[in-house]
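# Fold and geometry: a report
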There are 2 protein chains.
Amino acid sequence: MSGFDLDAYLQERRRLVDVALDRFLPGEDTPPPAVHRAMRYSVLAGGKRLRPILVIAGAEVVGASPSTVMPTACAMEMIHTYSLIHDDLPAMDDDDYRRGRLTNHKVFGDAIAILAGDALLTYAFQLVAQNAALAGVDARVVCDVVAEIAQAAGTRGMVGGQVVDIESEGKTITPEQLEYIHVHKTAALLRASLTVGARLGGADAPALAAVADAGQSLGLAFQIVDDILDVEGSLETLGKTAGSDERKQKVTYPALHGIEASRREARGLIERTKSRLGVFGARSAPLCALADFVVERKS
Amino acid sequence: MSGFDLDAYLQERRRLVDVALDRFLPGEDTPPPAVHRAMRYSVLAGGKRLRPILVIAGAEVVGASPSTVMPTACAMEMIHTYSLIHDDLPAMDDDDYRRGRLTNHKVFGDAIAILAGDALLTYAFQLVAQNAALAGVDARVVCDVVAEIAQAAGTRGMVGGQVVDIESEGKTITPEQLEYIHVHKTAALLRASLTVGARLGGADAPALAAVADAGQSLGLAFQIVDDILDVEGSLETLGKTAGSDERKQKVTYPALHGIEASRREARGLIERTKSRLGVFGARSAPLCALADFVVERKS
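Here goes a summary of the coordinates provided. Every chain is numbered independently, its residues counted from 1 as its sequence is written. Chains and ligands are labelled by the order in which they are written, letters from A for the one and numbers from 1 for the other. Totals for whole chains, interfaces and linings use all residues, but because this is a predicted model, local features are given only for residues with pLDDT of at least 70 and pairs of side-chain atoms are given and counted only at 80 or more. Remark: hydrogens and water are excluded; side-chain values derive from all non-hydrogen atoms of the structure.

## Comments concerning the overall build of chain A
Scanning chain A from N- to C-terminus turns up 15 helices and two strands. The globule rule used here is 2.2 Å times the number of residues to the 0.38 power, and the radius of gyration it is set against is calculated over C-alpha atoms. In terms of overall size, chain A behaves like a compact globule, its C-alpha atoms giving a radius of gyration of 18 Å where 299 residues would be expected to give roughly 19 Å. In terms of principal-axis extent, the alpha carbons of chain A reach across some 50 × 45 × 35 Å. Here's how the labels work: a residue is buried when its accessible area is under 20% of the maximum for its type, exposed when over 50%, partly exposed in between, all with a 1.4 Å probe on protein chains only. When each of the 299 residues of chain A is scored for burial, the buried share is 60%. For chain A, the accessible surface area stands at approximately 11300 Å², while carbon and sulfur atoms represent 50% of it. In this tally Asp and Glu are treated as negative and Lys and Arg as positive; neither His nor the chain ends contributes. Just so you know, the charge point we use is NZ for Lys, CZ for Arg, CG for Asp and CD for Glu. Within chain A, one finds 32 positive and 39 negative side-chain charges whose respective centroids are separated by 3 Å. Numbering goes from the N terminus for both helices and strands, where a helix is a DSSP run of H or I of at least four residues and a strand is a run of E of at least two. Computed by Shrake-Rupley with a 1.4 Å probe, the accessible areas treat only the displayed protein chains as cover when residues are assessed.

Laid out in structure tokens, this is it:
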């Protein structure tokens, strides 16, 4: 790889995102306080901010600036966070810890956790719509972006993957079913993050196709590595209980294919990602470095 | 009142909405089937379709046709339905019946009910965005409509009202707190239904202000009448257990102000609604008849 300083890039983008999230979210004392505290608790708990950074990187790879996409970048993090809050509920995965802290419902109760998730999903679309007020952004593109995000987050994307994931618990599933879960539950939103960033940044059709394909491979690689980390990781590095997939009898990529084949598959997908980004020349450096990071990360 | 045939108007609009809802919702066998069945079960359970009809009436009062707003009309019904599914959950109001049938989680389980609600909220925004593809609709207006709906459905609207409602259970609350709950939990979405219909129909600023004010009064009157019906109604006419607010120790408008004062207040709000619609002349006939219906209905 080039001498691109990924750490500095990620740190700077993450700082921009954290500042914007804090600014966009209603304050803790805004009535009614309970739900706003719950929203802020989970969104501002840290995390890699991978989805907003992908939105920004998607804009940058076609030559636009981070400021053009910041409301939409924050919206993707809110959608991701809402899905975590709802997934952690007793009626769903019943998890007590997330990102090293008690889960939302353990702190605020199930009712407020459900409503905080609902509110984050709702507010996300408000932010995307408000993105249309920024200079250089076409309202028709924003409408396409709203539709694309909704598709990626709905039953043909993230929610659909979660449904099949829940239905598969404790059952024998095929490699095809596992790929369905991964592609829908995780990859769809990661891919959409990259493509809506590029769309808002003014990408033409060929650029959008390259970005969409790269996002798909990257998203799938991310989930395979997540599965590997769940088998290998520790509470310390993951911020959640390692082996929790196994405990919940969830089938993982390494469980079906073995650790070594999983690593090979993830690396192959990352090579594909970087190859598809080649058309963008030097502008692809941040995304290519990010792709390497996704497969090499330890948490 | 004029000789306007409200029954025929409502029946025709409801039929249009029911056909469109059936068409927009993914089929029962679309993978993954469980969540699509759950979505269809609750959305297609019938109901007054008041919110979509308000969207249509909002368009018609400014001279636009129902077809211009149909995706957004259906979106409002999906948002309303998602809120009912989540409100009925054991972690929230814990209701077993709704519209005379078992609630969503009683049939599909809590996990699928949560996800079906999430999916309906998500899909609603996809439909609103797709409304931009219809002839005569400006993408900038659609972006404003997405933002307005999100605001009305979020913590400054419906979700905010639900949070305070839940927090108030079993407590003494003031008339101001009860009005906060009513204005946010119910009136916000009803008002938004009317105003986004008018917006998409091409309303100018003064028309929009009149419609917004009318929608606010109408929404509040609707909730007061709902409270009266909960005290007076029966399972047969309501499709849910009468007195359920009392059983859950929820404070209602009649409990604070008495039945007669509640009726007077509702009638006064309806007069205000009709007065604000006067500027639209003959075009206001459907909405004025609808306003009378809201206060005189028995279920």
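Still more to cover.
## Considerations on the relation of the copies chain B and chain A
Relating one copy of the chain to the other requires a rotation about an axis plus a shift along that axis. Superposition record for chain B on chain A: RMSD 0.0 Å, screw rotation 180°, translation along axis 0.0 Å. When the rotation and shift are considered jointly, the pair of chain copies conforms to a two-fold rotation axis. Of every C-alpha in chain B, the one belonging to B:Ala139 sits nearest the axis of rotation, 2.7 Å from it. We call two residues in contact whenever any of their non-hydrogen atoms come within 4.5 Å of each other. In this assembly, 100% of the residues forming the interface of chain B have copies in chain A that are likewise at the interface, indicating an isologous arrangement. Superposing the copies works by least squares over the C-alpha atoms of residues that have pLDDT at least 70 in both of them.

## Some words on the interface of chain B and chain A
In this assembly, 45 residues from chain B lie in contact with 45 residues from chain A. Note on definitions: buried area is the accessible-area loss of two parts on being combined, 1.4 Å probe, summed for both. Three residues stand out in chain B for area buried against chain A, namely B:Leu115, B:Thr122 and B:Thr155, and they jointly supply 15% of the buried area on that side. Whenever a carboxyl oxygen of Asp or Glu lies within 4 Å of a side-chain nitrogen of Lys or Arg, that contact is scored as a salt bridge. Counting every contact that joins chain B to chain A gives zero salt bridges. Distance and chemistry together define a polar contact, namely a pair of N or O atoms within 3.5 Å, with one atom able to donate a hydrogen and the other to accept it when in protein, and with adjacent residues in sequence counting only for side-chain atoms on both sides. Put simply, chain B and chain A have six residue pairs in polar contact (both at pLDDT 80 or more) between them. Contributing elements (two or more residues each) for the side of chain B that touches chain A: helix H2 (33–43), helix H4 (70–87), helix H6 (110–130), helix H7 (139–153) and helix H8 (158–168) of chain B. Element by element, the count of residues in the side of chain B that touches chain A is highest for H6(B), at twelve residues. Classification used: nonpolar for Ala, Val, Leu, Ile, Met, Phe, Trp, Tyr, Cys and Pro, charged for Asp, Glu, Lys and Arg, polar for all others including Gly. Looking at the side of chain B that touches chain A residue by residue, the class counts come to 31 nonpolar, nine polar and five charged.

## Concerning the packing of aromatic side chains
Under the pairing criterion, centres of Phe, Tyr and Trp rings, with the six-membered ring standing for Trp, must be within 6.5 Å; the plane angle then separates stacked pairs below 30 degrees from edge-to-face pairs above 60, leaving the rest tilted. Tallying each qualifying case throughout the model produces five aromatic pairs over all chains. Both rings, one in A:Tyr41 and one in A:Phe108, keep their centres 5.4 Å apart while their planes meet at 75°; by these two values the pair is edge-to-face. Of this pair, A:Tyr41 sits in helix H2 (residues 33–43) while A:Phe108 is found in helix H5 (residues 104–108), placing the two residues 67 residues apart along the sequence. Judged by relative accessible area, A:Phe108 falls into the partly exposed class, the value being 25%. Note that A:Arg23 overlies the ring of A:Phe24, its terminal NZ or CZ placed 5.0 Å from the centroid. Charge-over-ring placement is defined geometrically: NZ (Lys) or CZ (Arg) within 6 Å of the ring centre, and within 35 degrees of the ring normal. Over the aromatic face of B:Tyr41 sits the side chain of B:Arg101, whose NZ or CZ is 4.0 Å from the ring centroid.

## A look at unusual backbone geometry
A cis amide bond, omega -10°, links A:Pro31 with the succeeding residue A:Pro32. Note on placement: A:Pro32 falls in the loop between helix H1 (6–24) and H2. Even without a glycine there, the phi angle at B:Arg99 is positive, about 50°. Position of B:Arg99 among the secondary structure elements: in the loop between strand S1 (97–98) and strand S2 (101–102). Owing to a relative accessible area of 24%, B:Arg99 belongs among the partly exposed residues under this scheme.

## Considering H2(A)
Most of H2(A) sits inside the fold, with nine of its eleven residues counted as buried. Looking only at H2(A), the buried set comprises A:Ala34, A:Val35, A:His36, A:Ala38, A:Met39, A:Arg40, A:Tyr41, A:Ser42 and A:Val43. Looking at the buried positions of H2(A), the neighbouring elements they touch are H1, helix H4 (70–87), strand S2 (101–102), H5 and helix H6 (110–130) of chain A together with H8 of chain B.

## Examining the pattern of salt bridges
Considering all chains together, one arrives at 42 salt bridges over all chains under this definition. Close ionic contact of A:Arg297 with A:Asp226 constitutes a salt bridge, the shortest N to O distance being 3.2 Å. Here the residue A:Arg297 occupies a position in the segment after helix H15 (285–296), and A:Asp226 occupies one in helix H10 (residues 205–232), the gap between them amounting to 71 residues. On the basis of relative accessibility, which here comes to 24%, the residue A:Asp226 falls in the partly exposed class. Close ionic contact of B:Glu77 with B:Arg99 constitutes a salt bridge, the shortest N to O distance being 3.3 Å. With a gap of 22 residues between them, B:Glu77 in helix H4 and B:Arg99 in the loop between S1 and S2 connect regions that are remote in the sequence. Linked through salt bridges whose partners overlap, the residues forming this network are A:Asp18, A:Arg49, A:Glu77 and A:Arg99.

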